Amino acid sequence: MATQKTLAVTGNVLVAEAMRQCAPDVMGAYPITPQTTIVEEFAKFVANGRVHTEYVTVESEHSAMSACVGASAAGARVMTATSSQGLALMWEELYIAAGMRLPIVMANANRALSAPINIHCDHSDIMGARDAGWIVLFAETAQEAYDNTIMAVRIAEHPDVMLPVMTCLDGFITTHSIDRAQIMDDETVKAFVGDYKPENALLDTDNPVSHGNFAGLGGPYFEFKRAQRNAIDRSAAVIESVGAEWSKICERPFGMVEGWGMEDAELAIVAIGSTAGNARHVARELRAQGVRVGVLKVRCFRPFPFADIAEALAGCKAVAVLDRSESFGAEGGPLFLEVRSALYDRAERPAMVNYIYGLGGSDVKLELLRQVYSDLSDLADGASTPGRLVYLGAR
Amino acid sequence: MHEIRWHGRGGQGAVTSAKLLADAAFRSGFEGVTSQPSFGAERRGAPITASSRLAHEPIRVLSQVTAPDIVVVLDDSLLGVAKATAGMRPGGTIIVNTTKSVAELGLGGDIRVVTSDVTGAAQAVDLIVGGQPMVSTAILGAFAAATGLITMAGVEAAIGKAFKGTAASKNIEAAKIAYECTRA
């Protein structure tokens, strides 16, 4: 019987609890800035004997992911966490983890990249790594970060997938805010994630295999990449089914995208992470005044839910895509490029604007979101256009 | 929804206070509670802020509080530098840790000013770390007395969860003293 306890807790603590419940064999972590208290909390669980994980402290984030790659290839269930410059330093290993098809689960506290120096929230870190071959889930709340962590283990280790999964939560916002959330009992989580039975473990000496071999000079490198493409495409169905299964146990909904008011919305905001909550707050105010507005939150960025997004937005008059990261020199931010592309094959397409917002933790005030809906209203009426790309609230 | 802004100095524990408030409010029956710190250059003594929201439905707004109905000031020397009353809603409450009277503070405008000698409460139970009286827990006693939004039972439970043994009992005692010496 699944039982849940309600707590007032930070996102970091809740993710650490989820990791404890998933009981990885190995965690490779670099426990210094830029890190999160996720690995700090987890280290306490290890020290207090509440989880029997081999906790490997290393000399850099590059080494942290290297240790994870080695342990995962050896056949262990592996988890870790990182943030910001730490993720940037892992970049080389991220591709290796995905290319070797290692089901590592990593939490990432989304934070800005230097320069100038900044420690606050934006999505530059993960968006820089979005093509590394990892499945990427985003959380709006501490609760979603908790649920994503547990689901990630099942998704990553699924035989149809065998890919690393990154679970993202907004740095200093979702990671450090105290929020109300529910934690599942240990036994239910343990039963849900099950035991990991690696198929090609290096330490299985009866069935010797090698990983990460040279595949150039006419070797199968190209075909390996196609296999990765097929695996991440297949993962969409796995994410949906694992999400549905967890959703039934915890009684919280899960979807690749989550719409609010999208059934009949004329003006919509598309957002990722904690900003979706602020947007819904403003959308509720406007609905009360009779304005047909909606919010579409994207929970899964890789694989990107093209069909769901096109379906949700096709009927809108005007859509604002909110990007908390840049793709300098591109047509817009990473989310905008994907959303716009998702609608290309539709006969009817809404007018679209890209807002770059909240970089380096720039506060997402409600009046900024009111301005976005007001811009969309003018755009839909043909009264005026805010332009293709707007730096929202920049002084 | 109640929106609260905290003013403190780096090292004083405003972030701890905000987190304890969230826990105490949750235990006092609020279904929606959030507290978020505003991190910056973490220098000891530098003015810092934190935000909290309390409501009887889930809260999904996570921006910093700019129009508070309650402001808490952990150090009265901040009144001169931090614009503690900025953006306050008419009729809002400001709670100041001070030995001064409401009249001596001289805060104008359509706001209710509440004082409590929280530093004195910490000193009374010898709650001193590194030569500094720790006010981050005792302030919750003043908050409970000034607003009535959280109960002392909730405050005691929240402190009891965050601290162990003698540390917990000293912090709870300081909160009780601060509760008693709160004046409007």
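Residues numbered from 1 in each chain as written. Chains lettered and ligands numbered in written order. Predicted model: local features only at pLDDT ≥ 70, side-chain atom pairs only at ≥ 80, totals over all residues. Heavy atoms only, no water.

Undergrad: Kindly report on the overall build of chain A, identifying the contributing residues and their values.
TA: If you tally the helices and strands in chain A, you get 13 helices and 15 strands. By the compact-globule yardstick of 21 Å for 395 residues, chain A fits well, its C-alpha radius of gyration being 21 Å. Along the three orthogonal principal directions, the C-alpha set of chain A runs to about 70 × 55 × 45 Å. About 16200 Å² of surface is accessible on chain A, with carbon and sulfur atoms providing 52% of the total. Here chain A holds 34 positive side-chain charges and 49 negative ones, and the gap between their average locations is 3 Å. (Helix = DSSP H or I, 4+ residues; strand = E, 2+ residues; numbered from the N terminus. Rg over C-alpha atoms; globule rule 2.2 N^0.38 Å. Areas by Shrake-Rupley, 256 points an atom, 1.4 Å probe, with all protein chains shown as cover. Lys, Arg positive; Asp, Glu negative; His and termini not counted. Charge placed at Lys NZ, Arg CZ, Asp CG, Glu CD.)

Undergrad: I'd like to hear about the nonpolar core, residue by residue, with values.
TA: Residue and element names in this part refer to chain A. One finds Met19, Ile135, Tyr146, Ile150, Ile155, Ile239 and Trp246 to be the most contacted residues of the largest nonpolar core, which totals 52 residues. A total of 9 residues in this core trace back to one element, the largest contributor, which is helix α7 (residues 142-157). The residues contacting Ile155, other than those within four sequence positions of it, are Ile135, Leu137, Val161, Val165, Val238, Ile239 and Val242. Counting 50 residues, the second largest nonpolar core, distinct from the first, contains Val26, Ala76, Ala132 and Val319. (Core = buried A, V, L, I, M, F, W, Y, C linked by side-chain atoms within 4.5 Å. Buried < 20%, exposed > 50% of the residue type's maximum accessible area, 1.4 Å probe, protein only. Contact = heavy atoms within 4.5 Å.)

Undergrad: Go over the interface of chain A and chain B, please, and point to the residues and values.
TA: With 24 residues of chain A at the contact, the number on the chain B side is 21 residues. Note on chain A versus chain B: buried area summed over both sides is about 1800 Å², and carbon and sulfur give 61% of it. Looking only at chain A, the three residues that lose the most surface to chain B are A:Ala8, A:Ile178 and A:Arg180, adding up to 28% of its buried area. Across the contact surface, chain A and chain B share 2 salt bridges. At the junction of chain A and chain B, the tally comes to 5 residue pairs in polar contact (both at pLDDT 80 or more). Of all the secondary-structure elements, those providing two or more residues to the side of chain A that touches chain B are β1 (4-10), β8 (178-184) and α10 (275-288) of chain A. Bridge count between β8(A) and strand β2 (residues 32-37) of chain B: 2 bridges; the pairing is antiparallel. Bridge pairing links A:Asp179 to B:Thr34 in β2(B). (Buried area = accessible area lost by both parts, 1.4 Å probe. Salt bridge = Lys/Arg side-chain N within 4 Å of Asp/Glu carboxyl O. Polar contact = N/O pair within 3.5 Å; in protein donor to acceptor, adjacent residues only side chain to side chain. Pairing = 2+ DSSP bridges.)

Undergrad: Summarise the environment of A:Glu41; cite the residues concerned and give the values.
TA: All names here are of chain A. Relative to the helices and strands, Glu41 is located in helix α2 (residues 37-47). By relative accessible area, Glu41 is classed as buried at 18%. The spacing of Glu41 and Leu343 is 302 residues in sequence and 43 Å in space, taken between C-alpha atoms. In contact with Glu41, not counting residues within four places along its chain, are Val13 and Ala16.

Undergrad: Before we move on, could you go through the sheet that holds strand β4 (residues 79-83) of chain A and cite the residues and values that matter?
TA: Residue and element names in this part refer to chain A. Sheet architecture is open: 5 strands sit in the order β4-β5-β7-β6-β12, paired in mixed fashion. Strands with a single pairing partner mark the edges of an open sheet, and in this sheet they are β4 and β12 (300-302). This sheet shows a mean twist of 25° between the axes of neighbouring strands, independent of strand direction. Pairing between strand β5 (residues 105-110) and strand β7 (residues 165-170): 6 bridges, direction parallel. Paired with Asn108 across the bridge in β7 is Cys168. (Axes fitted to C-alpha atoms, helices over the stretch in contact; angles between N-to-C directions.)

Undergrad: Tell me about helix α1 (residues 14-27) of chain B, and name the residues and values.
TA: Residues and elements named next belong to chain B. End to end, α1 covers 20 Å across 14 residues, agreeing with the expected 20 Å (1.5 Å per residue, within 8%). The element α1 is largely enclosed, with a buried count of 10 among its 14 residues. Just beyond α1, the residue with positive phi is Gly29, at close to 105°. (Expected span 1.5 Å × (residues − 1).)

Undergrad: Outline a nonpolar patch on the surface, listing residues and values.
TA: Residue and element names in this part refer to chain A. Where nonpolar side chains cluster on the molecular surface, the patch consists of Phe328, Leu389 and Tyr391 and spans about 340 Å² of accessible area. By secondary structure assignment, the location of Leu389 is in strand β15 (residues 389-391). Overall, the relative accessible area of 35% leaves Leu389 in the partly exposed class. (Patch = residues over 30% accessible without salt bridge, like charges linked within 9 Å, V, L, I, M, F, W, Y side chains within 5 Å.)

Undergrad: Go over the pairing of β2(B) with me, naming the residues and quoting the values.
TA: Residue and element names in this part refer to chain B. Counting buried positions along β2 gives 6 out of 6 residues, so the element sits mostly inside the fold. The alternating pattern of β2 places Gly32, Thr34 and Gln36 on one face and Val33, Ser35 and Pro37 on the opposite face, and all of these are buried. Pairing of β2 with strand β3 (residues 47-55), which is carried by 6 bridges, proceeds in the antiparallel orientation. Its bridge partner lying in β3, Gln36 is registered against Ser51.

Undergrad: Please set out the state of the cysteines residue by residue, giving values where relevant.
TA: Residue and element names in this part refer to chain A. Within this structure, the stated rule accounts for 0 disulfides over all chains. Free cysteine Cys121: the closest other cysteine sulfur is in Cys168, separated by 10 Å. Taking the relative accessible area as the measure of exposure, Cys121 reaches 2% and is therefore buried. (Disulfide = S-S within 2.5 Å.)

Undergrad: Explain helix α11 (residues 306-313) of chain A residue by residue, including any values.
TA: Residues and elements named next belong to chain A. Within α11 the residues assigned to the buried category are Ile309, Ala310 and Leu313. With its buried residues spanning 100° around the axis, α11 presents them on a single face. Opposite the packed face of α11, turned more than 90 degrees from it, sit the exposed residues Ala307 and Glu311. Buried residues along α11 sit against β9 (257-260), β10 (267-271), β11 (293-298), β13 (318-323) and α12 (334-342). (Arc of directions from axis to C-beta.)

Undergrad: Requested: an account of the pattern of salt bridges, with residues and values cited.
TA: When charged atoms on two side chains of opposite charge get close, those side chains can pair. With the rule as written, the count across this model stands at 30 salt bridges over all chains. For A:Lys297, the salt bridge goes to A:Glu140, with nearest N and O atoms at 2.8 Å. One end of the pair, A:Lys297, is in strand β11; the other, A:Glu140, is in the loop between β6 (135-138) and α7, with 157 residues separating them in the sequence. Taking the relative accessible area as the measure of exposure, A:Glu140 reaches 2% and is therefore buried. Between B:Arg60 and A:Glu140 there is a salt bridge, with its nearest N and O atoms 3.5 Å apart. In this pair, B:Arg60 is assigned in the loop between β3 and β4 (70-73) and A:Glu140 in the loop between β6 and α7, connecting two distinct chains. Taken individually, B:Arg60 and A:Glu140 each receive the classification buried, so the pair is uniform in this respect. Taken together, the shared-partner salt bridges in this structure form one network comprising A:Glu140, A:Glu144, A:Asp179, A:Glu258, A:Arg280, A:Lys297, A:Arg299 and B:Arg60.

Undergrad: Before we move on, can you summarise unusual backbone geometry with the specific residues and values?
TA: Residue and element names in this part refer to chain A. Cis geometry marks the peptide bond from Ser114 to Ala115, where omega comes out at -5°. Among the secondary structure elements, Ala115 is positioned in the loop between β5 and α6 (124-128). Ala115 connects to Pro116 through a cis peptide bond whose omega is -5°. Along the chain, Pro116 turns up in the loop between β5 and α6. One non-glycine residue, Ser84, lies in the positive phi region at around 50°.

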